[in-house]
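Coordinate analysis (summary)
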Amino acid sequence: MTIDERYDVAVVGAGAAGLAAASECARAGVATLLLDEQPSPGGQIYRSITTTPLADRRVLGSDYWYGEALVREFERAGAAYAPRSTVWAVTPEGGGFEAGVSSDGAARLVAVKRVILATGALERPFPIPGWTLPGVMMAGAAQILLKSSGLLPRGRIVLAGSGPLLYLLAAQLVRTDTRIERLLDTTPPARWRVAARHAFAFAVSPYLAKGLGLLREARRAARIVEHVEHLEALGDRRLSRVRYMAKGRSEEIIADLLLLHQGVVPNINLASAIGCAQRWDASQLAFIPVVDEWGASSVPGVSIAGDGAGIAGARAAEARGRLAGLHAACALGRLDPAERDRRARTSRSELARQARGRAFIDTLYRPAEPLRLPQGDTIVCRCEEITARQILDTVKLGCIGPNQMKSFLRCGMGPCQGRFCGLTVTELIAKARGVPPAEVGYYRLRFPVKPVTLGEIAALPQTEASVQAVARLAKSED
Amino acid sequence: MTQDFDVAVIGGGLVGTAIAYGLARLGRRVALLDEGDIAYRAARGNFGLVWVQGKGLGLARYGSWTQLSARRWPELARALRDDADTDVALEQPGGFHVCLSEPELEQRSAMLGKLIAQPGFERYDFEILDRAALASRVPGIGPGVVGATYCRLDGHCNPLRLLRALHAALEKRDGAYLPLHKVERIERKDGRFAIETGGGRTAAPRVVLAAGLGNAALAAQVGLAAPVRPQRGQIIALERVRRFLAYPMSTVRQTDEGTVLIGDSQDEAGFDVTVDTAIAATEAARAVRIFPALAHARVTRMWAALRVMTPDAFPIYEQSASQPGAFVATCHSGVTLAAAHAFELAPRIAAGELGPDLHPFSAERFHVRKAA
Amino acid sequence: MFARRPEAGPSNVAVTIDGQPSMARAGDSVAAAMLAAGLLACRTTPVSGAERGPFCMMGVCFDCLVTIDGNPNRQACLVAVRAGMRIERQSGPAAIPVEGEPSA
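Rules used throughout
Residues numbered from 1 in each chain as written. Chains lettered and ligands numbered in written order. Predicted model: local features only at pLDDT ≥ 70, side-chain atom pairs only at ≥ 80, totals over all residues. Heavy atoms only, no water. Contact = heavy atoms within 4.5 Å. Buried area = accessible area lost by both parts, 1.4 Å probe. Salt bridge = Lys/Arg side-chain N within 4 Å of Asp/Glu carboxyl O. Polar contact = N/O pair within 3.5 Å; in protein donor to acceptor, adjacent residues only side chain to side chain. Nonpolar A, V, L, I, M, F, W, Y, C, P; charged D, E, K, R; others polar. Pairing = 2+ DSSP bridges. Helix = DSSP H or I, 4+ residues; strand = E, 2+ residues; numbered from the N terminus. Phe/Tyr/Trp six-rings, centres within 6.5 Å; stacked < 30°, edge-to-face > 60°. Buried < 20%, exposed > 50% of the residue type's maximum accessible area, 1.4 Å probe, protein only. Lys NZ or Arg CZ within 6 Å of the ring centre and 35° of its normal. Axes fitted to C-alpha atoms, helices over the stretch in contact; angles between N-to-C directions. Parallel < 35°, antiparallel > 145°, perpendicular 65-115°, else oblique. Left-handed = near helix turned anticlockwise from the far one by under 90°. 1 Å grid on protein atoms, 1.4 Å probe; cavity = no way out; pocket = protein on both sides within 12 Å on 5 of 7 lines; lining within 4 Å. Points joined across faces, edges and corners; volume = space filled by probe spheres on them. pLDDT = per-residue confidence, 0-100. Disulfide = S-S within 2.5 Å.

Now for the interface of chain C and chain A. Residue-level contacts link 33 residues of chain C with 45 residues of chain A. Roughly 3400 Å² of surface becomes buried between chain C and chain A when both sides are summed, with 61% attributable to carbon and sulfur atoms. Scanning the region where chain C abuts chain A turns up three salt bridges. In this structure, the salt-bridge partner of Glu51 of chain C is Arg237 of chain A, at a minimum N-O distance of 2.4 Å. At the boundary of chain C with chain A, the tally comes to 14 residue pairs in polar contact (both at pLDDT 80 or more). Residue composition of the side of chain C that touches chain A, grouped by class: 21 nonpolar, four polar and eight charged. Here three bridges tie strand β9 (residues 151–153) of chain A to strand β1 (residues 2–4) of chain C, and the two strands are oriented antiparallel to one another. Paired with Leu151 of chain A across the two strands is Arg4 of chain C, which belongs to β1 of chain C.

Our next topic: the packing of aromatic side chains. In this structure the tally under the stated criterion is 18 aromatic pairs over all chains. Consider the rings of Trp280 of chain A and Phe287 of chain A, whose centres lie 5.0 Å apart with planes at 65°: the pair is edge-to-face. No difference in accessibility class separates Trp280 of chain A from Phe287 of chain A, as the two residues are buried. Ring pairs connect the aromatic residues Tyr62, Trp65, Phe314, Tyr317 and Phe361 of chain B, which therefore count as one cluster. Sitting over the ring of Trp131 of chain A, Arg382 of chain A keeps its end group 4.7 Å from the ring centre. The cationic tip of Arg137 of chain B hangs over the ring face of Tyr150 of chain B; the distance from NZ or CZ to the ring centre is 5.0 Å.

Quick look at the packing of helix α5 (residues 139–149) of chain A against helix α6 (residues 164–175) of chain A now. Residues and elements named next belong to chain A. Contact geometry for α5 and α6: axes closest at 10 Å, N-to-C directions at 40°. Accordingly, the angle class assigned to the pair α5 and α6 is oblique. Here α5 and α6 pass one another in a crossing that is left-handed. Residue-level contacts link Ala139, Gly140, Ala142, Gln143 and Leu146 of α5 to Leu165, Leu166, Leu168, Leu169 and Gln172 of α6. Along the lines of polarity and charge, the residues of the contact of α5 with α6 split into seven nonpolar, three polar and no charged.

Attention shifts here to the sheet that holds strand β5 (residues 95–99) of chain B. As a general point, the strands of a sheet are linked pairwise by backbone hydrogen bonds and lie either parallel or antiparallel. Residue and element names in this part refer to chain B. Within the open sheet, the three strands sit side by side as β5-β7-β6. Their pairing is antiparallel. Looking along the sheet, the strands with just one partner apiece sit at the ends: β5 and β6 (127–130). Put simply, the sheet's adjacent strands are angled 25° from each other on average, direction ignored. Pairing between β5 and strand β7 (residues 147–151): five bridges, direction antiparallel. The partner of His97 across the bridge, within β7, is Thr149.

The next thing to look at is the sheet that holds strand β3 (residues 20–24) of chain C. All names here are of chain C. Here we have five strands laid out as an open sheet, ordered β3-β2-β8-β6-β7, and mixed in their pairing. A single partner strand is all that each edge strand has here, and the edge strands are β3 and β7 (71–75). On average, adjacent strands in this sheet sit at an angle of 40° to one another, irrespective of strand direction. Bridge count for strand β6 (residues 65–68) against strand β8 (residues 86–88) is two bridges, and the pairing is antiparallel.

On inspection of all chains with the given rule, the structure shows 66 salt bridges over all chains. The partner of Arg29 of chain B in a salt bridge is Asp6 of chain B, with the nearest N and O atoms 3.2 Å apart. Residue Arg29 of chain B is located in the loop between α1 (14–25) and β3 (30–33), and its partner Asp6 of chain B is located in the loop between β1 (3–4) and β2 (7–10); the two are separated by 23 residues in the primary sequence. Judged by relative accessible area, which is 48%, Arg29 of chain B ranks as partly exposed. One network of salt bridges, in which partners are shared, links Glu384 and Arg410 of chain A together with Arg161, Arg240, Asp256 and Glu257 of chain B.

Inspection of the entire model under this criterion finds 11 cavities of 30 Å³ or more. By volume, the largest cavity is sized at about 270 Å³. Along its surface, the largest cavity is lined by 27 residues, and Pro415 of chain A, Arg240 of chain B together with Arg43, Pro46 and Leu65 of chain C are the ones closest to its centre. If one sorts the elements of the lining of the largest cavity by residue count, strand β17 (residues 298–309) of chain B sits on top with three residues. For the lining of the largest cavity, the per-class residue count stands at 11 nonpolar, six polar and 10 charged. Around the second largest cavity, the lining residues are Leu122, Val265, Pro266, Asn267, Ile268, Asn269, Ala286, Phe287, Gly418, Arg419, Leu423 and Tyr442 of chain A.

Attention shifts here to the interface of chain A and chain B. As a measure of interface size, the accessible area lost when the parts come together is often cited. Taken residue by residue, the interface counts 45 residues in chain A and 60 residues in chain B. A buried area of about 4500 Å², summed over both sides, lies between chain A and chain B, and 60% of it is on carbon and sulfur atoms. In this structure, the connection of chain A to chain B is made through three salt bridges. In this structure, Arg410 of chain A and Glu257 of chain B form a salt bridge, with 3.1 Å as the shortest nitrogen-oxygen distance. One can count 13 residue pairs in polar contact (both at pLDDT 80 or more) joining chain A with chain B. Listed by contribution, the elements that provide at least two residues to the side of chain A that touches chain B are α16 (402–409), β23 (452–453), α19 (454–458) and α20 (464–471) of chain A. Here the side of chain A that touches chain B takes six residues from α16 of chain A, the largest share from any one element. For the side of chain A that touches chain B, the residue count by class is 22 nonpolar, 13 polar and 10 charged.

Residues and elements named next belong to chain C. Both strand β2 (residues 13–17) and β3 contribute to a ladder of five bridges, which runs antiparallel. In the sheet register, Ile17 faces β3, and the bridge partner there is Gln20. Where β2 folds back on β3, the antiparallel hairpin that results is connected by two residues, among which Asp18 adopts a positive phi of roughly 55°.

Moving on: the confidence of the model for chain C. Residue and element names in this part refer to chain C. Chain-level pLDDT for chain C is 92 on average; 94% of the residues reach the 70-or-more range. Of the regions scoring below 50 in pLDDT, residues 100–104 engages in 10 contacts with residues more than four places distant in sequence or in other chains. Scored by ipTM, the complex comes to 0.94, with pTM at 0.91.

Take the packing of helix α2 (residues 60–84) of chain B against helix α8 (residues 338–351) of chain B next. Residues and elements named next belong to chain B. Where α2 meets α8, the closest approach of the two axes is 7 Å, and the angle between their N-to-C directions is 85°. Considering their axes alone, α2 and α8 lie roughly perpendicular with respect to each other. Along its contact with α2, which presents Trp65, Leu68, Ser69, Arg72, Trp73, Glu75, Leu76 and Ala79, the element α8 presents Ala338, Ala339, Ala340, His341, Ala342, Phe343, Glu344 and Leu345. Tallied by class, residues from the contact of α2 with α8 come to 11 nonpolar, two polar and three charged.

All names here are of chain B. Within the fold, Gln53 resides in the loop between β4 (49–50) and α2. Here Gln53 falls in the buried class, since its relative accessible area comes to 0%. Among the polar contacts made by the side chain of Gln53, one reaches the side chain of Asp154 at a distance of 2.9 Å.

A few words on the state of the cysteines. Residues and elements named next belong to chain A. One pass over the full model with this rule turns up zero disulfides over all chains. You can see Cys276 has no disulfide; the closest cysteine sulfur is in Cys25, sitting 16 Å from it. According to the relative accessible area criterion, Cys276 is buried, its value standing at 4%. Its sulfur unpaired, Cys411 is 5.8 Å from the next cysteine sulfur, which belongs to Cys421. Taking the relative accessible area as the measure of exposure, Cys411 reaches 0% and is therefore buried.

Our next topic: α16 of chain A. Within α16 of chain A, eight of the eight residues are buried, which leaves it mostly tucked inside the rest of the structure. Within α16 of chain A, the full set of buried residues consists of Pro402, Asn403, Gln404, Met405, Lys406, Ser407, Phe408 and Leu409 of chain A. The elements touched by buried residues of α16 of chain A are β22 (386–387), α15 (388–396), α17 (422–433) and α18 (437–440) of chain A together with α5 (159–172) and β9 (176–178) of chain B. Downstream of α16 of chain A by a residue or two, Arg410 of chain A has a phi angle that is positive, lying close to 75°.

Okay, structure coming up:
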């Protein structure tokens, strides 16, 4: 697909928020480019929605198939769509921005006036002993295999963790007659009482019926163990057993596949590298970009929409995408503020509706501390294979933050750029120092936020100044 | 609450930590005062060369100081293995400065010749290699390479592990590391220096300013001058690849971990540490000309760091005349000079006298008027 | 470990995995194709030699690195299978061909 050299707006990510944002922009007459790392639109929640082999809609469920309408709307709106295109940098340039895009092995720079980041969420790290063994995967991975390839897990399958996605996966597996050995629910017992404070809001929210329904389904074919406190994946070169503790008793079962999930967190790497301010959210236990009611970040011209701006689910993501798109169109003079506000009304009320009950879900499914903060030889940084013990020993040496930690241990320096270790490292340091995570901070992230080849960088434009800065023909070496 | 030490070293980067370690080895009670987790930290942006060739044009003494450090570097590596149980991966197989055009090679050779011919310069051998000679020693050299200069004294190490090892070794020798102690004020009272920081007060009869770019403001408080400015340098880091490069080069090196680092840029951008895409492109293009196979390796990180640059690029080492006991130490080659800082500079600071052979490094050479 | 739903249709894209012929389904990512072929692990790490396999399936964990058509360290979950594709599991760090011509 030929990407032009310039657009008014670049939208990064083709999930609910990205599709909605691009649709609103394009409909308002804004020259819009939607950049998608995946080969087809849908992001993660609506993954492979245009290509999934699971034609029987009951398997994936109506929440999933809702996404079809979003894609159709986008296809009609008139924006340009660039699949298999990874954005590795967004830098300020000439009053607007330059997006570094890697597409089919070639890097190029696209000039835009405004950027809407819709990079969504990823699953929270789940650092248990043995979590790096082949045979251990995130629950979302199994869902992607189901949606994109019609692949079902087989053998002795164990689901473990907490949160709506886990129960959704369980229900989807049950609908495909897949036997689940155990569903190990790590939601702590006291949590229901704490969450009950928000129960009324939950009861009148869209979540209740959905949630209860999923649990009922999952219960039908899976043995659910509640209040699981401790979890370990065991095996020599592959997962072969899962050990867990529930109600004071230790159990060990044979397992072929362990699917982990304890919630999702915003994917902040691109926003952070751009310089968008982040804040620690104590209820979501994650760093969230700071945005206003239109999704505008602390960097003028950069907006953030969807789960990447704070976890709120697919419908809220769509609403925030629309708001960000309308805001961009207004900022570019294509819509006057009154028209923007008028078009925004439905999204605002949808957002309010989705927000009701969110506090209940966040409180109920808040991942238990022992499963967020590993000990001993449990690997924290998967890429560089750094353990919890090494991190804690380094705090004792006087290392006070994740960036110093990174330079001392290399944790966070691997290709995932801290996506699977950052929150763990911040919380481990915070706990060891006895200060809140907000004070400890997070890795300082830089471009490229996704790897790009040296050859691609080498092919980007140079200037006389850049050549002089490097070759320095006139100056003497020192 | 005031804490008492023999020496307070300000700055937890490579210069400060090496000096502090050297002092601790001599049995001095040392406090190393440092900032927080996010700071300019040239020490974390380093390339990792232990480099001799080309240094000292305009100041022969610097050539000797550099060679001294390179000679004593194995000693530092051993000391860190003993005190910090860490291997900083020092290798000194000699290094290459690769040239991509005839004018580059000519200019390089001429410069080295002029350097070595300086009166009082401690001479060493270097080789000028054409492409064929270089290719026979370094496999994978691309067709666009014209030649290189080689010096047997050059080497490299793992600079991040060096910093970590120095910290651990300092702790082993009972040095006190005080992070979150950014220095606000230094005042001389009754023969001691009272140091006010964001984390409390410290006092010591000797103080060493090793705070990099922060030295400029601090120096004035103790009757010293440290005219330093930031100079941006950019580095590209590639993923781990199978070992293909046994020698350090001035702009490409493969680390002991297998990652590949690419440099080397110099531009004046103030305190801006954002990466300039065009400079990255130039660095990348040159690296691909040197090793075409690297075109397929992936960039995992790019960063810009600020060198601490004096007007003539040479270090400043000086003791305050008006406030004896206060020292300043600044340079932009904290890795290469780590051994000299630990084993040569630290003892002189402990003795209270830098010595005439370090006089060429005083800031007086800039004719800067100092505060009394 | 993973079985195909019948409505997914035939697996008729011919690839090789470590030189062995394997049939993948059009539209599968390389990671999905390898899992469908029964391979849970796709590499050993450069740091310790530990075995790893696809973990997140969405391009953020970087554990599913394989060599595709001679190009090392490609994220298998982000590349779609193609007829004739050569997929190779990796051992340790990426091998870039330094001697002689680099591969395409």
